[in-house]
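Summary of structural features
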Amino acid sequence: MSENIRNTDHTPLELEEAVRILQSEARRIRDTLVLPVRDAYEFILAEDIISGHDQPPFPRSPFDGYAIRSEDSLGASKEKPVLLKVLEEVDAGDWPKRSVGKGEATRIMTGAPIPEGADAVIKQEETDYGEELVAIYREMERHQNYVFPGEDYKKGALLLKSGDRLGAVECGILASSGLTRVKVFRKPRTAVISTGNELAVPGTPLSEGKIYDSNGMTTSVQLEEWGCEVCEMLQVPDVPEICIEHIERLKDRVDFIVTSGGVSVGKKDIMHDVFAALEVRSIFWKVGIKPGAAMLAGKNDNTLILSLSGNPYAAYIDLHMIVRQVLSAITGNDHLEMIRQKAVLNDPYDRPSPIRRFVRCFVQDGRAFLENHIGGNGDIAASRHINAVIDIPAGSDALPAGSEVTVMLL
Ligand code: AMP
Ligand code: MG
């Protein structure tokens, strides 16, 4: 083990400390690229977006009806309608030719510009739908049903800021600003390696003693969901040389490599030998959490190597508790930060927790449900339908139903 390791005596690091150290080691991604808005979905914006025009750009009608001068409607009612002369019809996309004078109205459709002179729009349901003369059935106030230019946002308004993640709505905002291309940060590039002699590649037959690799898939998909580009996903046997070869090949092409398995203390826990042979600067080994305690982290030149525990639930916890936070530091995407909140245990948790423990649960209306989610660390299916984990502090006894707990939303 390298001398640079933070916890040389291998006393497990506190989770927050491990995250903090890794965040300081992670290189912030600053390279940007310009993409068509259509392709920029899920990227992080690398520029502020300032509106170049008022939205809407003109006074706009929110209804189908008649643009009128409100003072002309004084005293109008169903019984005593006021008659106005209809000048023209303006549909959405048209531009009015006439301004509305005393005793006049313009037939207008939703989204169309309100002509000069008019200061209100009366809904067509409140008229007789007249074509040359229209009878209006109610009084209107000045600026009633009148959408001002810039009512949604003004020219010069900050619509989106650098660091915002581009979801569907944000892409729509870019389009509504008339933009076709946008500057975004490059996605972190990653590679995912699953280690284990027992691992079979999905699609091949399962021979004796083998299981299919699930960590590789969960990790890759999760990283993509968190805004990474996963360049490669591969399986290697417990042969350090093979793993070393792949890491050497990949390390200059990616920002970080995530491996799983082989980080404990068994004979086949190869990652220690891999780190030593590659002269990886070890950052830490072991974190004070259960599951996922055996995580190993190091840096090889500029590339972080994050080696997660092998058991699928343990790898999942390392991924969320640690890798996710590292990513948040690399990309500046605050949406990746964990949200903690209080909840009341709906079901008892009947084991003591000498080490800080994360327990799968489903949180709804302030209650944490454990049922159906309690499974072994090897059980990936128990992670379905969860939306949080309970963060049980080290030294806790079994928790009866009704206990107040802290949950971390996933
Ligand atoms: P390890 O940490 O390599 O000792 O693995 C711990 C347990 O997790 C063993 O039962 C492995 O078979 C299982 N495991 C390791 N890697 C994976 C993987 N990629 N997919 C599914 N199970 C795995
Ligand atoms: Mg293994």
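This one's a predicted model, so the numbers in the text were calculated from it and none came from an experiment. (Residues numbered from 1 in each chain as written. Chains lettered and ligands numbered in written order. Predicted model: local features only at pLDDT ≥ 70, side-chain atom pairs only at ≥ 80, totals over all residues. Heavy atoms only, no water.)

Right, let's talk about the overall build of the protein for a bit. Counting its secondary structure elements, the protein contains six helices and 22 strands. Against the 2.2 N^0.38 benchmark of 22 Å for 410 residues, the protein shows a C-alpha radius of gyration of 31 Å, more extended than a compact globule. Along the three orthogonal principal directions, the C-alpha set of the protein runs to about 95 × 50 × 40 Å. The 410 residues of the protein split such that 50% are buried. (Helix = DSSP H or I, 4+ residues; strand = E, 2+ residues; numbered from the N terminus. Rg over C-alpha atoms; globule rule 2.2 N^0.38 Å. Buried < 20%, exposed > 50% of the residue type's maximum accessible area, 1.4 Å probe, protein only.)

Looking at the secondary structure, you find S177 in the loop between helix 2 (168-176) and strand 9 (181-185). With near-sequence residues (within four places) excluded, S177 lies in contact with I49, H53, Y153 and L159. (Contact = heavy atoms within 4.5 Å.)

Turning to its location among the elements, T190 is positioned in strand 10 (residues 189-195). Residues in contact with T190, not counting those within four places in the same chain, are L223, C228, E229, V230, C231, E232, V254 and F256.

In space, the five strands of this open sheet follow the order 6-3-5-4-7, with mixed pairing throughout. Pairing within the sheet leaves two strands with one partner each, and these edge strands are strand 6 (120-123) and strand 7 (133-136). Strand after strand, the sheet turns through a mean of 40 degrees between neighbouring axes, direction not considered. One ladder, built from four bridges, connects strand 4 (residues 82-90) with strand 5 (residues 104-108); its direction is parallel. (Pairing = 2+ DSSP bridges. Axes fitted to C-alpha atoms, helices over the stretch in contact; angles between N-to-C directions.)

Turning to the nonpolar core, a few remarks are in order. Membership of the largest hydrophobic core comes to 41 residues, with the highest contact counts inside it found for L22, L223, F256, F284, M321, I322 and F358. Contributions of two or more residues to this core are made by helix 1 (15-25), strand 14 (256-260), strand 15 (281-285), strand 17 (303-308) and helix 6 (312-331). Among the elements that take part in this core, helix 6 stands out by supplying eleven residues, more than any other. In this view, L223 contacts T190, V192, C228, V230, F256, V258, L319, V323 and L327; residues no more than four positions away in its chain are not counted. Residues L234, V274, F275 and I305 belong to the second largest nonpolar core, which totals 21 residues. (Core = buried A, V, L, I, M, F, W, Y, C linked by side-chain atoms within 4.5 Å.)

What follows is about the packing of helix 1 against helix 6. Packing of helix 1 against helix 6 leaves a shortest axis separation of 9 Å and a crossing angle of 35 degrees. Helix 6 is crossed by helix 1, and the crossing has right-handed handedness. Contacts from L15, V19, L22 and Q23 of helix 1 reach helix 6 at M321, I322, Q325, V326 and A329. (Left-handed = near helix turned anticlockwise from the far one by under 90°.)

The environment of ligand 1 is formed by 16 residues, the closest being E198, D213, S214, N215 and G262. Within the side chain of N215, a nitrogen or oxygen atom sits 3.3 Å from a nitrogen atom of ligand 1. Between an oxygen atom of ligand 1 and a main-chain N or O atom of N311, the distance comes to 3.3 Å. In this structure the site holding ligand 1 corresponds to the largest pocket. Mapped onto the shell around ligand 1, the elements with two or more residues apiece are strand 10 and strand 12 (211-212). (Near = heavy atom within 4 Å. Polar contact = N/O pair within 3.5 Å; in protein donor to acceptor, adjacent residues only side chain to side chain. 1 Å grid on protein atoms, 1.4 Å probe; cavity = no way out; pocket = protein on both sides within 12 Å on 5 of 7 lines; lining within 4 Å. Sits in = over half its atoms within 2 Å of the grid points.)

The next thing to look at is the environment of P59. Among the structural elements, P59 can be located in the loop between strand 2 (49-50) and strand 3 (65-68). A residue is classified by how much of its surface remains accessible, and P59, at 17% relative accessible area, is buried. Measuring from C-alpha to C-alpha, the distance between P59 and R20 comes to 52 Å, with 39 residues separating the pair along the chain. Once residues within four sequence positions are removed from consideration, P59 is found in contact with A112, P113, I114, Y146, V147 and P149.

Here we come to the layout of surface pockets. Of the pockets and cavities examined, the largest pocket occupies roughly 550 Å³. Together, 35 residues line the largest pocket, and S309, G310, N311, P312 and A314 are the ones closest to its centre. When residues of the lining of the largest pocket are traced back to their parent elements, those giving at least two are strand 12 and helix 6. Looking at the second largest pocket, its volume works out to about 290 Å³. Looking at the second largest pocket, it is lined by 19 residues, and the ones nearest its centre are R165, E225, W226, N333 and L336. Secondary-structure elements contributing two or more residues to the lining of the second largest pocket are helix 3 (215-225) and helix 6. No other element matches helix 6, which puts three residues into the lining of the second largest pocket. (Points joined across faces, edges and corners; volume = space filled by probe spheres on them.)

Before going further, it helps to spend a moment on the environment of L370. Its location among the elements puts L370 in the loop between strand 20 (367-369) and strand 21 (388-392). Measuring from C-alpha to C-alpha, the distance between L370 and A157 comes to 46 Å, with 213 residues separating the pair along the chain. With residues near it in sequence (within four places) discarded, L370 still touches L345, D347, P348, Y349, V359, R360, C361 and I390.

Before going further, it helps to examine the pattern of salt bridges. Taken as a whole and assessed by the stated rule, the structure comprises 19 salt bridges. Among the ionic pairs, R356 bridges to E16, the shortest N-O distance being 2.9 Å. Here R356 is found in the loop between strand 18 (339-345) and strand 19 (357-364), whereas its partner E16 is found in helix 1, with 340 residues between them in sequence. The class of E16 is partly exposed, set by a relative accessible area of 38%. (Salt bridge = Lys/Arg side-chain N within 4 Å of Asp/Glu carboxyl O.)

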